[in-house]
Amino acid sequence: MGHPLARGEVVSGVEPGRFFLPGPTEVHPDVLRAQVTAMFGHRSDEARTLVGGVDRGLRPIFGTAQPVMIGTMSATGFMEAAIRNGVRRRVLCLVNGAFSGRFAQIARESEREVETLEVPWGETIDPEAVADRLRSGRFDALTMVHSETSTGALNPIADIAAVASEHDDVMVLVDSVSGLGGAEMAVDRWGIDLALTGGQKALAMPPGLAFAVASERFLERAGTLPDRGFYLDFVRFAAGARLSQTPTTPAVTLMAAAHLQLQRIAAETVEGRLRRHGAMAEACHRRVEALAEEGFAVEVVAPPGGRSPTVSCIRLPEGRSVEAFEAGMRRRGFVIAKGYGLLKEHTVRVGHMGEHTVEELEAVMDAFAEELRDPSQG
């Protein structure tokens, strides 16, 4: 009979509104269907219209007047491009989880000098600590993650960017992979030099596209760096974006889906989308706190005031198997994620992002509470 995918079957078996991974997240059926399109040339008028539409749709979400660069890759590709195009010699990497740690790893493997400012996983970065490190004058770039998907922590990137702005030579590089589209972003107003994301999280697009916005001074520096590569050259990406093109053949079917999804986001409005994500996060945190008051040793890992609106990392009671809990949730018809990295043995993650609603979030948390109370799983 062959593999279910080969037969064109859905393999997850999860109904719409029950898939709560912190990326990839659910994609609206109309957006999925938009991928079924006849082929057209990537240098055609149709392609330029498509690229231009994606660019215009993303600018208000990024909070920028700059062209949005589109890459057929995961966001990790643009993380590497940020390093190769934006770091001259030494970078300060702010690390509070797995993906901020990945930024530092990429910088090391790109043969840059790396220093880290690290805090325990789940905590957020203190802008004053960043200011102290930058006063040394040793750095020409700074990396940070907006929403740390491994912990559910939301870093104060506006405040950190303001601190960095006191140093003319420091480029501010931001990974907003699980932030953009669910958490506020204002690239131009906050003085961010490079912000990047992937389409598969709060933007609720099929995986495979990365998006980035670069400041003029970032592109000026990029033009002086000899080892920025070819495929990851932001100078080429920016030149193409100004003409509503991409430097190499894009995934046109994915861009058709992105184009439609951005029209749906515009109809909701960016502000409305941010409010909905905030309401989902508040509902999730309230439910966890209620379970703690009931006597269960559960908690949201990230502290109040530093929690992402798109993903929550929840610590389970000591001795509770993460694998068994995740499997139990699946039996109840919901998909959530196990913990990640240093937290994988003790936590699960609920992705409340994309097209989910508060009502759907309440449903997954009902199942969460039922699984927690199940005496057979204690």
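As a convention, each chain's residues are numbered from 1 in the sequence order in which they are written. Where totals are concerned, whole chains, interfaces and linings use all residues; where local detail is concerned, this predicted model gives features only for residues with pLDDT of at least 70, and gives and counts side-chain atom pairs only at 80 or more. Heavy atoms throughout the structure, all of them, feed into the side-chain values; hydrogens and water do not.

K.L.:
A description of the overall build of the protein chain should follow, citing residues and the corresponding values.
P.N.:
From N to C terminus, the protein chain includes 13 helices and 13 strands. In this setup the radius of gyration rests on C-alpha atoms only. A globule is expected at 2.2 Å times the number of residues raised to 0.38. Over its C-alpha atoms the protein chain spans a radius of gyration of 21 Å, differing by no more than 12% from the 21 Å that the globule rule assigns to 378 residues. Once the C-alpha set of the protein chain is aligned to its principal axes, its extents read approximately 65 × 55 × 40 Å. Burial classes: relative accessible area under 20% of the type maximum marks a residue as buried, over 50% as exposed, and values in between as partly exposed (1.4 Å probe, protein chains only). Residues classed as buried in the protein chain amount to 55% of the 378 residues present. Throughout, a residue-residue contact means that at least one pair of heavy atoms, one from each residue, lies within 4.5 Å. Taking all contacts inside the protein chain whose residues are at least 6 apart in sequence as the whole, residues at least 24 apart take part in 72%. Note on areas: these come from Shrake-Rupley sampling with a 1.4 Å probe, and a residue is covered only by the protein chains present in the view. Surface summary for the protein chain: the accessible area is close to 15500 Å², and the carbon and sulfur share equals 52%. The charge count treats Lys and Arg as positive and Asp and Glu as negative. His and the chain ends do not count. Lysine's charge is taken at NZ, arginine's at CZ, aspartate's at CG and glutamate's at CD. Within the protein chain, one finds 40 positive and 50 negative side-chain charges whose respective centroids are separated by 4 Å. Helix and strand definitions here come from DSSP, where helices need a minimum of 4 consecutive H or I residues and strands a minimum of 2 consecutive E residues; each element is numbered from the N-terminal end.

K.L.:
Outline the sheet that holds strand E12 (residues 337-338), listing residues and values.
P.N.:
Pairing between two strands requires that DSSP report at least two bridges joining them. As summarised here, the arrangement of the four strands in space is E10-E11-E13-E12, forming an open sheet in which the pairing is antiparallel. On the outer flanks of this sheet lie strand E10 (299-300) and E12, each paired with one strand and no other. Pairing between E10 and strand E11 (residues 311-315): two bridges, direction antiparallel. If you follow Val300 over to E11, its bridge partner there is Ile314.

K.L.:
Any chance you could break down the packing of helix H5 (residues 127-134) against helix H6 (residues 157-164) for me, citing the residues and the numbers?
P.N.:
Between H5 and H6, the shortest axis-to-axis distance is 9 Å and the interhelical angle comes to 20°. By the criterion of interaxial angle, the relationship of H5 to H6 is roughly parallel. Taken as a pair, H5 and H6 cross one another with a handedness that is right-handed. Across the interface between the two elements, Pro127, Val130, Ala131 and Leu134 of H5 pack against Asp159, Ile160, Val163 and Ala164 of H6. Angles here are taken between N-to-C directions and fall from 0 to 180 degrees, while the axes themselves are lines fitted to C-alpha atoms, restricted in helices to the stretch in contact. Reported orientations rely on four angle classes, namely roughly parallel under 35 degrees, roughly antiparallel over 145, roughly perpendicular from 65 to 115, and oblique for the rest. Left-handed describes a crossing whose near helix is turned anticlockwise from the far helix by less than a right angle; the clockwise case is right-handed.

K.L.:
Describe the environment of Phe40, with residues and values.
P.N.:
Positionally, Phe40 belongs in the loop between helix H1 (29-33) and helix H2 (45-62). For the pair Phe40 and Val252, spaced 212 residues apart in sequence, the C-alpha to C-alpha distance is 8.2 Å. Sequence-distant contacts of Phe40, defined by excluding residues within four places in its chain, comprise Glu46, Ala47, Leu50 and Val252.

K.L.:
Requested: an account of the nonpolar core, with residues and values cited.
P.N.:
Only buried Ala, Val, Leu, Ile, Met, Phe, Trp, Tyr and Cys residues count toward a nonpolar core, and they belong to the same one when joined by side-chain atoms within 4.5 Å. Counting 45 residues, the largest nonpolar core has Leu58, Phe62, Leu94, Val130, Ile192 and Phe211 as the members making the most contacts within it. Ignoring sequence-local partners within four residues, the contact set of Val130 consists of Leu94, Leu117, Ile125, Leu142, Ile160 and Val163.

K.L.:
Kindly report on the pairing of strand E4 (residues 141-145), identifying the contributing residues and their values.
P.N.:
Buried residues dominate E4, accounting for five of its five residues. By the bridge criterion, five bridges tie E4 to strand E7 (residues 171-175) in an arrangement that is parallel. Note on E7: the bridge partner recorded for Leu142 is Val172.

K.L.:
Describe the pairing of E11, with residues and values.
P.N.:
Consecutive side chains of a regular strand alternate in pointing toward one face of the sheet and then the other. For E11, the tally of buried residues reaches four of five residues, placing the bulk of the element in the interior. Both E11 and strand E13 (residues 347-351) contribute to a ladder of five bridges, which runs antiparallel. For Ile314, the partnering residue across the bridge sits in E13 and is Val348.

K.L.:
Pulling in residues and values, what's your account of the pattern of salt bridges?
P.N.:
By definition here, a salt bridge exists when the distance from a side-chain nitrogen of Lys or Arg to a carboxyl oxygen of Asp or Glu is within 4 Å. For the structure on display, the rule yields 33 salt bridges. One salt bridge in this structure joins Asp169 and Arg88, with 3.0 Å as the shortest N-O distance. Highlighted residues: Asp169 in the loop between H6 and E7 and Arg88 in the loop between helix H3 (75-86) and strand E2 (90-95), separated in sequence by 81 residues. Residue classification places Asp169 among the partly exposed positions, given a relative accessible area of 34%. Close ionic contact of Glu326 with Arg330 constitutes a salt bridge, the shortest N to O distance being 4.0 Å. Here the residue Glu326 and the residue Arg330 both occupy positions in helix H12 (residues 322-331), the gap between them amounting to four residues, near one helical turn. The exposure class of Glu326 is buried, given its relative accessible area of 15%. The network of salt bridges with common partners includes Arg89, Arg90, Glu113, Glu115, Arg133 and Arg138.

K.L.:
Summarise the state of the cysteines; cite the residues concerned and give the values.
P.N.:
The disulfide criterion is simple: two cysteine sulfur atoms within 2.5 Å. Applying the stated criterion to the full structure yields zero disulfides. Lacking any disulfide linkage, Cys313 is separated from the closest cysteine sulfur, that of Cys284, by 11 Å.

K.L.:
Report on the sheet that holds E4, specifying residues and quantitative values.
P.N.:
Within the open sheet, the seven strands sit side by side as E1-E9-E8-E7-E4-E2-E3. Their pairing is mixed. Each having just a single partner strand, strand E1 (69-72) and strand E3 (113-118) make up the two edges of the open sheet. The mean inter-strand angle of the sheet, taken between neighbouring strand axes irrespective of direction, is 20°. Of the strand pairs in this sheet, E7 and strand E8 (residues 194-198) are connected by three bridges, and their pairing is parallel. Across the sheet, residue Leu173 finds its bridge partner in E8, namely Leu194. H6 contacts E2, E4 and E7 of the sheet and is inclined by roughly 175° relative to E4.

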